[in-house]
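Summary of the model geometry
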2 protein chains.
Amino acid sequence: MESNKEHKKVIKGINPAFAKGTIKKEKPSLDVMLLAQEIIAGNHTALSKGITLVESTVVKHQEQAQLLIEKCLPHANQSIRIGITGVPGVGKSTFIESFGSYLTTLGKKVAVLAVDPSSSLSHGSILGDKTRMDTLSQNKNAFIRPSASGDSLGGVARKTREAIILCEAAGFDTIIIETVGVGQSETVVHSMVDFFLLLKLAGAGDELQGIKRGIIEMADAIVINKADGENEKPARLAKAAFAKALHLYPPKDSQWTPKVRTCSALKHKGISEIWELIVSYKDLTQENRYFTRKRHEQNTYWLLQTIENSLKENFYRDPHVKKRLPILLEQLSKNRISPFSAARELLSLKKE
Amino acid sequence: MESNKEHKKVIKGINPAFAKGTIKKEKPSLDVMLLAQEIIAGNHTALSKGITLVESTVVKHQEQAQLLIEKCLPHANQSIRIGITGVPGVGKSTFIESFGSYLTTLGKKVAVLAVDPSSSLSHGSILGDKTRMDTLSQNKNAFIRPSASGDSLGGVARKTREAIILCEAAGFDTIIIETVGVGQSETVVHSMVDFFLLLKLAGAGDELQGIKRGIIEMADAIVINKADGENEKPARLAKAAFAKALHLYPPKDSQWTPKVRTCSALKHKGISEIWELIVSYKDLTQENRYFTRKRHEQNTYWLLQTIENSLKENFYRDPHVKKRLPILLEQLSKNRISPFSAARELLSLKKE
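Just so it is clear, the structure is predicted and the values come from calculations on it, not from any experiment.

Quick notes on the overall build of chain A
Counting its regular elements, chain A contains 16 helices and seven strands. Counting across all 352 residues of chain A, residues that qualify as buried make up 47%. Long-range contacts, defined as pairs at least 24 residues apart, comprise 74% of the intrachain contacts of chain A with a sequence gap of at least 6. Here chain A has roughly 17,300 Å² of accessible surface; of this, 54% comes from carbon and sulfur atoms.

Listed below in structure tokens is the structure:
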């Protein structure tokens, strides 16, 4: 009787389980070739679908995603990839809104992606709310995608890297990758972009205190945001302080000298100057061939990184290793065993 | 006839092959227990022998070495481990000679080891020439050991870590690890010491230009050497510049504020002040328990590091991977494959 009732409801199209999402419709097999064609033709809906495929954890989807990437690859790589980082409150969304809108007036096609290692917990804190970029998200030459969630930064990074390829194949020539400085996310973003921009605030002791390991060194430009009204003078002082700090670092392989600028994203001031900076960076590094070399190095890095992550995950997932590791760590903390003997023992467990 | 002649020579004790070292006498099985006892009793010759065992690549020796380490471990860890780095010419040997000799006048027992990734090529450039530390090497309360050679920095690092344990078991309470800034050697040394000292020179543009990624941040003290004669003023200026640079970094977990000092190792000026600095560091970090916590973290780091290195070596040694990797890298450089597909293919090869 129960199943009959269910059947009737399905016929009526009001199966409550389905409505709650506990029963899923069998999807028709996705035509990857067609999807690739539509992406390459610049169809935003197809691009969204493609990225969803890339983000899926279903094995079948992952296989389809790889095929999709391969089809898109020959059409990718014609872009500038810009990484943008800065602490919460620095005005990243407002900056990207202003910067991205300006670029579309130059005829650029702008895609905005995000790497947010915290999003798997908070369910997408970065770009999760598209309304934060009101104007840009309604611009037909812009494409905004919230951060992929994932169980590891490595996973999020892979998805973002593959999303970049799809965006480029869809004709986006300016890719902006936003991140907030959580864990290693800045390093991860730095390893997938051509140009790395650090957003900063004047005052509030943020000028120098916030200089964290390696972030300043990674920056191709430091931009002091909110340089308007009473904040203009502190911003100029911060600019001078950062310019001095940048002198502490040795010259870069790119032969590019990192620059410091001020801007007010809210008032759209100083935005075009930042784009001019990025254009000169691209000109210089294409001239001296660093641009292509860096992309090759990044590809190799991702290849090796993926292998290493997989080897480690596989090792620590082993039940024997899982059982023995905490015991050896305990012995290690009491200096009863050397780290090298402990490692040797764990490695021998996995081989058996 | 030939073999008969050879035989006669052996009988006469003049086997030329033996003299040339091509025939080796069978060594009596080493009594590891006895060796451990002698090391713990403070016998320098036994300590040397123990370190040689640790450095050996012979499988049987490695097993004996592990047993020796285990016997010595309960007697280790009672020391301060000091890392010293600086570019060639900065006067590391002279500094260690002066600093180490001073420490012995305080009743300290000083062991000097080195991590030198270039030594496998140059056959030991650091401390290779013990005469560079003439006074110290003849001091009965000092022990100087040239850098272990090895085919990888990881290998050299493991040997040095184990040598530290043996030195400590032999009663050395002050362990100095010297390194020259080649590749990742500073990071490796930093991960095995309690206190990290960066030697610098004034003038010659070395004040700020030489600030390399992370090295300044790792330093617990920056010491401007050769602050004598005409160099005194530039050294003071360099001191001020470095003190300023150190302000760029956020406070350390240790709650220790890194210090800048000047010294003249040649004239033995400023040496006792550096030791006082290290004593205050030890007092502070033992008080706030950072000292022990850092050592535990270092042990865990070495455990995980050893496992990861071993997993990678094992993977890239696989003949299928070896054959396919260059082909995939070639395809990668032409953007015909994504780094993630390439990684997936290589990982599947190894599983077969």
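Re the interface of chain B and chain A
In this complex, chain B contributes 48 residues to the contact, which on the side of chain A involves 49 residues. In total, chain B and chain A occlude about 4,700 Å² of area from one another, counting both sides; carbon and sulfur atoms represent 66% of this. Among the residues chain B hides against chain A, the three largest losses belong to B:Leu248, B:Leu303 and B:Phe340. Together they make up 16% of the total. At the surface where chain B touches chain A, the tally comes to two salt bridges. Its salt-bridge partner being A:Glu308, residue B:Lys312 comes within 3.6 Å of it at the nearest N-O pair. Viewed at the interface, chain A and chain B are joined by eight residue pairs in polar contact (both at pLDDT 80 or more). If you list the elements that add at least two residues to the side of chain B that touches chain A, you get helix H5 (59-72), helix H9 (153-169), helix H12 (232-246), helix H14 (290-317), helix H15 (319-333) and helix H16 (339-351) of chain B. Per-element tally for the side of chain B that touches chain A: the top contributor is H14(B), with 14 residues. Tallied by class, the residues present in the side of chain B that touches chain A amount to 25 nonpolar, 12 polar and 11 charged.

A look at the confidence of the model for chain A
All names here are of chain A. Taken residue by residue, chain A gives an average pLDDT of 84. The fraction at 70 or more is 81%. For chain A, helix H1 (residues 2-12) is the element with the lowest average pLDDT, namely 38, and helix H13 (residues 271-287) is the one with the highest, namely 97. Confidence drops under pLDDT 50 across residues 1-28; counting only partners more than four residues distant or on other chains, this segment forms 11 contacts. In this model, residues 120-124 is a region of pLDDT below 50 whose contacts with residues beyond four sequence positions or in other chains number three contacts.

Side note on the side chain of B:Asn299
Looking at the secondary structure, you find B:Asn299 in helix H14. Of note is the side chain of B:Asn299, whose polar atom sits 2.6 Å from the side chain of B:Arg161. The residues contacting B:Asn299, other than those within four sequence positions of it, are A:Leu332, A:Asn335, A:Pro339 and B:Arg161.

Some details on the packing of helix H14 (residues 290-317) of chain A against H15(B)
Packed helices, taken two at a time, are described by the angle their axes make and the gap between the axes. Two elements in contact, H14(A) and H15(B), have axes separated by 10 Å at closest approach and are oriented at 140°. Compared by their axis directions, H14(A) and H15(B) come out oblique. The way H14(A) lies across H15(B) gives a crossing that is right-handed. Along its contact with H14(A), which presents A:His296, A:Asn299, A:Thr300 and A:Leu303, the element H15(B) presents B:Leu325, B:Leu329, B:Leu332 and B:Ser333. Residue composition of the contact of H14(A) with H15(B), grouped by class: four nonpolar, four polar and no charged.

Topic: the pairing of strand E2 (residues 110-115) of chain A
Residue and element names in this part refer to chain A. When you tally the buried positions in E2, you get six out of six residues, the bulk of the element. Going residue by residue along E2, you find Val-110, Val-112 and Ala-114 tucked away on one face and Ala-111, Leu-113 and Val-115 tucked away on the opposite face as well. Where E2 and strand E3 (residues 142-144) come together, three bridges link them in parallel fashion. Bridging across to E3, Val-112 finds its partner in Ile-144. Strand direction decides the pairing type here: E2 and strand E4 (residues 174-179), joined by six bridges, are parallel. What sits directly across from Ala-111, in E4, is Ile-175.

A look at the relation of the copies chain B and chain A
Once chain B is rotated about the relating axis by 180° and shifted along it by 0.0 Å, it coincides with chain A to within an RMSD of 0.0 Å. The two molecules are tied by a two-fold rotation axis, judged by turn and shift. A shared binding surface is used by both copies, with 100% of the interface residues of chain B retained as interface residues in chain A.

A look at the sheet that holds strand E1 (residues 80-85) of chain B
Residues and elements named next belong to chain B. The seven strands are arranged E3-E2-E4-E1-E5-E6-E7 in an open sheet whose pairing can be described as parallel. Single-partner strands in this sheet number two, and they are strand E3 (142-144) and strand E7 (259-262). Strand after strand, the sheet turns through a mean of 20° between neighbouring axes, direction not considered. Note that E1 and strand E5 (residues 195-201) share four bridges and pair parallel. Across the sheet, residue Thr-85 finds its bridge partner in E5, namely Leu-198. Taken strand by strand, helix H13 (residues 271-287) contacts E1, strand E4 (174-179), E5, strand E6 (221-225) and E7, and its axis lies near 130° from that of E1.

Rules and cut-offs
Residues numbered from 1 in each chain as written. Chains lettered and ligands numbered in written order. Predicted model: local features only at pLDDT ≥ 70, side-chain atom pairs only at ≥ 80, totals over all residues. Heavy atoms only, no water. Helix = DSSP H or I, 4+ residues; strand = E, 2+ residues; numbered from the N terminus. Buried < 20%, exposed > 50% of the residue type's maximum accessible area, 1.4 Å probe, protein only. Contact = heavy atoms within 4.5 Å. Areas by Shrake-Rupley, 256 points an atom, 1.4 Å probe, with all protein chains shown as cover. Buried area = accessible area lost by both parts, 1.4 Å probe. Salt bridge = Lys/Arg side-chain N within 4 Å of Asp/Glu carboxyl O. Polar contact = N/O pair within 3.5 Å; in protein donor to acceptor, adjacent residues only side chain to side chain. Nonpolar A, V, L, I, M, F, W, Y, C, P; charged D, E, K, R; others polar. pLDDT = per-residue confidence, 0-100. Axes fitted to C-alpha atoms, helices over the stretch in contact; angles between N-to-C directions. Parallel < 35°, antiparallel > 145°, perpendicular 65-115°, else oblique. Left-handed = near helix turned anticlockwise from the far one by under 90°. Pairing = 2+ DSSP bridges. Least-squares fit on C-alpha atoms with pLDDT ≥ 70 in both.

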